[in-house]
Amino acid sequence: MGARPRRRRAPAAAAAAAAAAAASPGPLGALLAAALLAAAGAQQSATVANPVSGAFPDLLPHFQLEPEDVYIVKNKAVSLACRATPATQIYFKCNGEWVHQGDHITQHSTDRSTGLPVMEVRIEVTRQQVEKIFGLEEYWCQCVAWSSSGTTKSQKAFVRIAYLRKNFEQEPTAREVSIEQGIVLPCRPPEGIPPAEVEWLRNEELVDPALDANVYVTPEHSLVLRQARLADTANYTCVAKNIVARRRSASAAITVYVNGGWSTWTQWSGCSTSCGRGWQKRSRTCTNPTPLNGGAFCEGQNVQKTACTTLCPVDGAWSEWSKWSVCGAECTHWRSRECSEPAPRNGGQDCHGPELDTHNCTSELCSHAAPGAEDVALYVGLVAVAVCLVLLLLVGVLVYCRKKGGLDADVADSSILTAGFQPVSIKPSKADNPSLLTIQPDLSTATMTYQGSLCPRQDGPAKLQLPNGHLLSPLGAGRHTLHHSSPAAEGADFVARLSTQSYFRSLPRGTTNMAYGTFNFLGGRLMIPNTGISLLIPPDAIPRGKIYEVYLTLHKQEEVRLPLAGCQTLLSPIVSCGPPGVLLTRPAILAMGHCVEASAENWSIRLKKQSCEGTWEDVLQLGTEPCTELYYCQLEAQACYVFTEQLGRFALVGESLSMAASKRLKLVLFAPAACPSLEYNIRVYCLSDTQDVLKEVIQLEKQLGGQLIGAPRVLHFKDSYHNLRLSIHDMPSSLWKSKLLASYQEIPFYHIWSGLQPFLHCTFTLERLSPSTCELACKIWVWQVEGDGQSFTVNFNIAKDTRFSDWLVPDSEVGAPALVGPSAFKIPFLIRQKIISSLDPPGTRGADWRTLAQKLNLDSHLSFFASKPSPTAMILNLWEARHFPNGNLSQLAAAVAEVGKQDGALFAVSEAEC
C-alpha cells in the first residue's frame, strides 16, 4: 500500500472561510466547512495536526446507536436517536430530505475507553409528518455522521402509524359436530400495523394448547380440535390485539352432540296365549349411547312384535279294555288298555289310572312254586359277564399307561420354560468337502434317541449329523434321531401347551399367523409367510445343552389393546415372539414391516414391549443412544430389525413432531369376480403399507369372491388433521350410474392416523343400465384434504378381466415357516466362524469389523456392534436377517475381500455345496 498523504494545517484565510461556512445553518454549512479545510490542508505543506481531528485522523464515524423502526400510536410523536464516534457532525435525513438543524437535540460526550468524542442526536417525528406522504411511500429516516475522514450512514428506520381495524376478515361460526369428529374454527384477524396477535377464548377462558393435547392453533390462526369431546361444548371467541387495540370476534357456539345408538335386542317374550294364535315381542333402548346435546335419536322401532301360534294342549284318554287273557301258570289273567283316544299332545295331561289290570282266574286255588334252578343260573351268568368287563377295562388302562410312559421316557418335557434338553447333533450333507471341514469327525461317540419336532431341512435326510471339530464343541454322548409328526397334529399340540400358560392366553388358537419350531445352539429362523415378519435365532444364541420351543405370532389389533396417547400412532404390526424369560446369550433379530416415512425432525419413534403384567413400556427410542444393551433397532425404508435378548410382544409406535410427518397408506381396489345382478360394488381399501395387512385383506377378499381391479398405489398421509376423501368420476352415463348420494365419501383423520384399524374401506355401489354391459371405465380419486392424492383409471371387463391377479401372492408361495440349523442361514457355518475370528480382533490399518460395517453401509451402528462380545457376528446376523432368502453371497464375499484380512477364495464354494 502507498503512503497516506499527511494532513496539513489550513492557512489562516481558509480557516476563517471555513469558520464562516460552518456558522451557516444546516448540514450544507458543515459540508462546506469540511471542504474548505480539506482544500487548505492540501495547499499547506506543514505537518501540524488539526486540533479537532488530529487525534483520530483516519477514523470514519462508527454508530454506537442507530435509529430503530417505531410505530406512532394515536397522536403521540415518536423519538429517533443515533450516536456515533468519532463524529464532528450528525444530521437526520428523512425520505431524502435533511431535517432542519434546529429540530436536532445534540449531546456531546467522550468515550472513556478510547478517549474519542461521542455525539448523540435525537429528533421527534409527528403523525402529521408521516401523513404528508401517506400512500406515496413509507416514511423513513436515517442518520449521517461526519468526521474529517468522511461520512457514514446509519440503517433506515421506518416510522409507521399503528392501527387495528375493527372488522375481522373471517370470524368463527357456530357448529354442531358429532363426538370424536374433528373441528376447525377459522379466524382471520382484522388488518393492522403491526400485525395482530391472535388468541382464543373458551367461555371467556384462555385456550392454551400446551395444556390440552387435543387443541392445536394453525399458523393461519385457526383453532383445531382433534377429536370433539363433550367438554368442548362452549362459546369460542377469537381475540386479535396489537399495540393499538384489542378486538374480539363474535362468539361461535360449538355443540358436541352424541347420536343415539340402539342397545341389543332383548330375548323374545313368551307367546301371549297358551292356546291358539297370539303375539310375542322383544325390545331395545336408545342407550348405546344415549343421545346428548341434540344428537339424533335412534332410527327405527324400539319394539318388534311377531305373530306366534301355540298348539292347544290335548289331554289323553283311555281306550277300551282289551279282552281277558288266558289263565296263566300263576293262576292269573290280565287285560290292558292304551292312552290313545286321544293320545296326549302339546303339553296335555296323561291318562290317570292303571294301564294293566290283573286278576286271579281260579278263585285263588293255585299254589305258587319257589324260584327254580333256571333263575339262579341266569343271575350267576350276569355276574360273570360283569367281572370280565371290569378285567378288560383294567388291562386296557394298564396298556395305555405303559405306552404313554414309554413315550414320555424318550422326550423331555418341551413346554415353554424347559431348559433340560440335550443338544441335537446335525451335520451338513457335504461333510467330506475339504474346503469346509479341516478336522475329521469323532465317530466313536455313543448315541441316544431324541423324539420331537426339530423340523430339519426339507431336502435333506431324516437323520443329519455334524462333525465334532474345533469350530463345534463336542456334543454330549448321544445319537439324536428326529421323529416327525403331521403339521396339523404338531400345531395343535404346540398351541395346546401354550394355552396352559396364563401369559399366552391371548395368542391366536390357529396357525395362520403363527410359526413355531424347536431350536438348539445351532439357531434357526421362524417366518410368517407373506407378512415380512421373521425371527432370526443366531448360532449360539441358545446355550449349548438346551433346546427351546420358540414361537412367532402376528396379532390382530382387536386381540391386543395397545394404548396410544396424544399424537401417537401405530407404525408396525404387533408381534409376539417367545417364550419370554428364556436365556439368550446373543440377541435374536425380529424383522417386521412399518409404514412410516421416517425423519428425525418429523417423528419421535419408540419401540414398545408388553410386560408380563400386560402394561406397555418404552424400551428404546430410535435415533438416541439406547439406555440398555438389551434392545437395538435398525430402521430401514420399509422394515425394521429389532435386536433383542429378551423375547416378548413388540410394536413400533411413533409420535409426530410436525404437520409434515406422514405415514404410507396402500390403496387397493377390489370388485366381485362375478356379477350376476345389475349392481356392482367397487371396494377401495386404505391400508397401512405393510405386507401383513395386505395379506389379511387379500384373504378377506378371497372369502368374498373379490378380484383386484387396479395396481396398488401408495399415498403419503400427513398429520394435518384433514380427512381422507374418495370420489368416482367419468363414468359413461349411458351405461352406468352411481348410487352415491354425495359427491364424495370421507374417512375421518383419526381413524386412519391412530393405526389401530389397519385397513379401512369405502364402497362405491354402481348400477349398470343393461345386463349386457360388461365394460367399466371410470376414475377413482383418493386424496387427503390439502395433502397428497392418487387417482385410479379403471378400464376393464367385469366378466373376464383378470390381468391384475399376478399382484396377489398365491397360497402355494409361502415357503417353510421354520428352518433349523444350517438351512436357516445363507452363510455356511465354518465360513462364518472364519470371518468372525479374522475380523473381531482390531486391525493394524483398520482392516477389521469396522471396515466391514462401512462396506455394508452399517457404520452408523458401530457403537452397538462394539458393545457386543463379537461385533462381526452382529454384522453377519443383521446381514442374514436383511437378505434371506435372496441374499447375494458374492457381494458379501467381495466386501470381506476388500477388508484385506479375509481370503475371498473361501467363497468359491457354490451355495449348493454349502
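Up top is the structure.
Basis of the calculations
Residues numbered from 1 in each chain as written. Predicted model: local features only at pLDDT ≥ 70, side-chain atom pairs only at ≥ 80, totals over all residues. Heavy atoms only, no water. Helix = DSSP H or I, 4+ residues; strand = E, 2+ residues; numbered from the N terminus. Buried < 20%, exposed > 50% of the residue type's maximum accessible area, 1.4 Å probe, protein only. Polar contact = N/O pair within 3.5 Å; in protein donor to acceptor, adjacent residues only side chain to side chain. Arc of directions from axis to C-beta. Pairing = 2+ DSSP bridges. Axes fitted to C-alpha atoms, helices over the stretch in contact; angles between N-to-C directions. Salt bridge = Lys/Arg side-chain N within 4 Å of Asp/Glu carboxyl O. Expected span 1.5 Å × (residues − 1). Disulfide = S-S within 2.5 Å. Phe/Tyr/Trp six-rings, centres within 6.5 Å; stacked < 30°, edge-to-face > 60°. Lys NZ or Arg CZ within 6 Å of the ring centre and 35° of its normal.

A. Layout of the environment of S576. Here S576 shows up in strand β31 (residues 574–578). Residue S576 is classed as buried on the basis of its relative accessible area of 3%. Expressed as a C-alpha distance, the spacing of S576 and L554, which sit 22 residues apart in the sequence, is 6.6 Å. Within the local environment of S576, its side chain forms a polar contact with the side chain of H555, the two groups lying 2.6 Å apart.

B. Quick peek at helix α12 (residues 889–899). All of the buried residues along α12 are L889, L892, A893, A895, V896 and V899. Angularly, the buried residues of α12 cover 160 degrees about the axis, an arc narrow enough to put them on a single face. The exposed residues of α12 that point more than 90 degrees off its buried face are S890, Q891 and E898. With a side-chain oxygen positioned 2.9 Å from the backbone nitrogen of S890, the residue opening α12 is N888.

C. Region of the structure containing the sheet that holds strand β32 (residues 588–593). Strand order in the open sheet formed by six strands is β35-β36-β32-β28-β27-β48, with antiparallel pairing between adjacent strands. Each of the sheet's edge strands pairs with one partner strand only, and the pair in question is β35 (631–635) and β48 (818–820). Sheet twist, expressed as the mean angle between neighbouring strand axes with direction ignored, is 15 degrees. Where strand β27 (residues 524–528) lies against strand β28 (residues 533–537), five bridges are found, and the strand directions are antiparallel.

D. Just the pattern of salt bridges, in detail. Under the counting rule described, the total for this entry stands at 31 salt bridges. Its salt-bridge partner being R127, residue E131 comes within 2.9 Å of it at the nearest N-O pair. In this pair, E131 and R127 are both assigned in helix α3 (residues 127–132), four residues apart and thus about one turn of the helix distant. Classification of E131 as partly exposed rests on a relative accessible area of 40%. Here R127 falls in the partly exposed class, since its relative accessible area comes to 21%. Measuring nitrogen to oxygen at the nearest pair gives 3.4 Å for the salt bridge that ties R246 to E199. In this pair, R246 sits in strand β20 (residues 246–248) while E199 sits in strand β15 (residues 197–202), placing the two residues 47 residues apart along the sequence. Through salt bridges with shared partners, one network takes in R202, D212, R229 and D232.

E. Examining helix α6 (residues 691–704) more closely. For α6, with 14 residues, the first-to-last C-alpha span of 20 Å sits near the 20 Å given by 1.5 Å per residue. When we look at burial in α6, the residues that qualify are D692, V693, K695, V697, I698 and E701. Downstream of α6 by one or two residues, G705 has phi in the positive range, about 75 degrees.

F. Region of the structure containing the state of the cysteines. On inspection of all chains with the given rule, the structure shows eight disulfides. Covalent S-S linkage joins C82 and C143, the inter-sulfur distance amounting to 2.0 Å. Its S-S torsion of approximately -95 degrees makes the covalent link between C82 and C143 left-handed. With C82 in strand β3 (residues 78–85) and C143 in strand β8 (residues 139–147), this pair connects stretches of sequence that are 61 residues apart. There is no split in this pair, since C82 and C143 are both buried.

G. Here's a closer look at the packing of aromatic side chains. On inspection of all chains with the given rule, the structure shows 16 aromatic pairs. With 6.4 Å between their ring centres and 40 degrees between their planes, F717 and W753 make a pair best called tilted. Pair noted here: F717 is in strand β41 (residues 713–718) and W753 is in helix α7 (residues 749–753), with a separation of 36 residues, a long-range link. As far as the burial class goes, F717 and W753 line up, both buried. Three or more aromatic residues joined by ring pairs form one cluster here, namely W603, F717, F749 and W753. Residue placement shows K663 over the ring face of W753; its charged tip is 5.7 Å from the ring centre.

H. Broad picture of the sheet that holds strand β18 (residues 223–225). Read across the open sheet, the three strands follow the order β13-β18-β17; overall the sheet is antiparallel. The strands lining the two open edges of the sheet, one partner per strand, are β13 (183–185) and β17 (215–217). Averaged over all adjacent pairs, the angle separating strand axes in this sheet is 20 degrees, with direction ignored. Note that β17 and β18 share three bridges and pair antiparallel. Within β18, the position partnered with V215 by the bridge is L225.

I. Broad picture of unusual backbone geometry. Here the amide bond leading from I193 into P194 is cis, since omega sits at -10 degrees, within 30 degrees of zero. Here P194 shows up in the loop between β14 (192–193) and β15. Cis geometry is found at the peptide bond from N288 to P289, where omega equals 0 degrees. Counting through the fold element by element, P289 comes out in the loop between β22 (276–283) and β23 (303–310). Positive phi, close to 60 degrees, is recorded for K74, a residue that is not glycine. With respect to the secondary-structure elements, K74 resides in the loop between β2 (70–72) and β3.

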